[in-house]
Amino acid sequence: PSCLADVPEWNFDGSSTAQAEGSNSDMFLVPVRMFRDPFCLDPNKLVLCEVLKYNRKPAETNLRHTCKKVMDLVKDSHPWFGMEQEYTLLGINGHPYGWPDNGFPGPQGPYYCGVGADKVYGRDIVESHYKACLYAGVKICGTNAEVMPSQWEFQVGPCEGIEMGDHLWMARFILHRVCEDFGVVATLDPKPMTGNWNGAGCHTNYSTEEMRREGGLKHIEAAIEKLSKRHDYHICVYDPRGGRDNSRRLTGHHETSNIFEFSAGVGQDGYGYFEDRRPAANCDPYAVTEAIMRTTVLNETGVETKDYADH
């Protein structure tokens, strides 16, 4: 296939994936974005799909559908996003990759952006993932070793609108697929190790066209003010369990704020973008980017969301 129009819709039995009950269990796969396949290589493709139920309504797990509606509404503001995906490498036994079998590595400190076999674990996996994303056409733009040993981060963006969720989901798929070849597991759990170890987030960088222009700081500050008044709504959206996953991470320790508090700081250029550090590593990027647009551009308030007609 050379474009999405060449790719047919497909279907599967949703009862096999716990997305449907036995009756009326047909689910439809609707192609929405195509990437080069870094595993089978050209001319093969990886195709990202939306999932629809038997009645052609979006599946409950399909958060792209409403995100696309919102992004179409706000397209004139040209929202750009960059998301920083943290993750942790685990052995098949669930123990962090490279950690001693019956103990712990030394305290955090020398691991962040580290180098050396006693500081970083799994760089070959990380490099393979990066190259696979580049081949696929995913807008990956950086990677680094994180604060906890065997924890890593990659960054995707800048992406405009719905493209952000599409590219991050494909980057995640490729990560899991690469890890499979190495016999390890990548977890997006926001707090994979209890105790004095950093959690994992998905910091989200965001700007509109007016924020990126000279004098954009006032628009950045206005957006932050709107976000500050809707903290509870965003916390509920920023992990798949309504904030319960994030509550293990956002404790006020290990470079985080307390989940119940909203705080903000300001850069120095006078324009550009700002960073929302609240989303958890296992967030749905469609839900996060949609929520940010609802609050900062569509001026929604409170915990309820508005249902916009199809455009």
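About the cut-offs
- Residues numbered from 1 in each chain as written.
- Predicted model: local features only at pLDDT ≥ 70, side-chain atom pairs only at ≥ 80, totals over all residues.
- Heavy atoms only, no water.
- Core = buried A, V, L, I, M, F, W, Y, C linked by side-chain atoms within 4.5 Å.
- Buried < 20%, exposed > 50% of the residue type's maximum accessible area, 1.4 Å probe, protein only.
- Helix = DSSP H or I, 4+ residues; strand = E, 2+ residues; numbered from the N terminus.
- Domains from an automatic or database assignment.
- Contact = heavy atoms within 4.5 Å.
- Phe/Tyr/Trp six-rings, centres within 6.5 Å; stacked < 30°, edge-to-face > 60°.
- Lys NZ or Arg CZ within 6 Å of the ring centre and 35° of its normal.
- Buried area = accessible area lost by both parts, 1.4 Å probe.
- Salt bridge = Lys/Arg side-chain N within 4 Å of Asp/Glu carboxyl O.

A description of the nonpolar core should follow, citing residues and the corresponding values.
Judged by nonpolar contacts, the single largest core of 58 residues is most densely connected at Tyr 87, Leu 89, Val 138, Phe 154, Val 156, Ile 174 and Phe 274. The dominant element in this core, judged by the number of residues it contributes, is helix H3 (residues 163-182), at 8 residues. Of the domains in this structure, domain 1 (4-61) and domain 2 (71-297) are the two that each give at least three residues to this core. With near-sequence residues (within four places) excluded, Leu 89 lies in contact with Pro 96, Tyr 97, Tyr 121, Gly 122, Ile 125, Ser 150, Trp 152, Cys 179, Val 184, Val 185 and Ala 186. Counting 5 residues, the second largest nonpolar core, distinct from the first, contains Tyr 121, Met 148, Met 193 and Trp 197.

Explain the side chain of Glu 290 to me, using residue names and the numbers behind them.
Turning to its location among the elements, Glu 290 is positioned in helix H8 (residues 285-296). Judged by its relative accessible area of 9%, Glu 290 falls in the buried class. Residues contacting Glu 290, with those up to four places away along its chain left out, are Leu 63, Thr 66, Cys 67, Val 70 and Met 71.

Just give me the short version of the packing of aromatic side chains, but keep the residues and values in it.
Throughout the structure, instances matching the rule amount to 6 aromatic pairs. Taking the centre distance of 6.2 Å and the plane angle of 65° together, the rings of Trp 99 and Phe 104 count as edge-to-face. Classification of Phe 104 by relative accessible area gives exposed; the value is 55%. Pairwise contacts between aromatic rings join Phe 81, Tyr 206 and Phe 274 into one cluster. The aromatic ring of Phe 28 is capped on one face by Arg 56, whose charged end is 4.9 Å from the ring centroid. Sitting over the face of the ring of Tyr 233, Arg 230 holds its NZ or CZ atom 3.8 Å from the ring centroid.

Let's hear about the domain arrangement of the protein chain: which residues, and what values?
Domain annotation of the protein chain identifies domain 1 (4-61) and domain 2 (71-297). One C-alpha centre belongs to domain 1, the other to domain 2, and the line joining them spans 26 Å. Domain 1 puts 10 residues into the contact, and the matching count from domain 2 is 16 residues. Summed over both partners, the interface of domain 1 with domain 2 buries about 1200 Å², with 69% contributed by carbon and sulfur atoms. On the domain 1 side of the interface with domain 2, the three residues burying the most area are Arg 33, Phe 35 and Phe 39, jointly 49% of the side's total. Our count for the contact surface shared by domain 1 and domain 2 stands at 1 salt bridge.

Run through the side chain of His 129, naming residues and quoting values.
Considering the arrangement of structural elements, one finds His 129 in helix H2 (residues 123-136). When neighbours within four sequence positions are excluded, His 129 is seen to be in contact with Ile 140, Phe 154, Ala 171, Ile 174, Leu 175 and Val 178.

Provide a residue-level description of the environment of Thr 208, including the pertinent values.
With respect to the helices and strands, Thr 208 occurs in the loop between strand E8 (202-207) and helix H4 (209-212). Overall, Thr 208 belongs to the buried group, its relative accessible area being 4%. Among all residues touching Thr 208, those that are not within four sequence positions of it are Ser 77, His 78, Pro 79 and Val 297.

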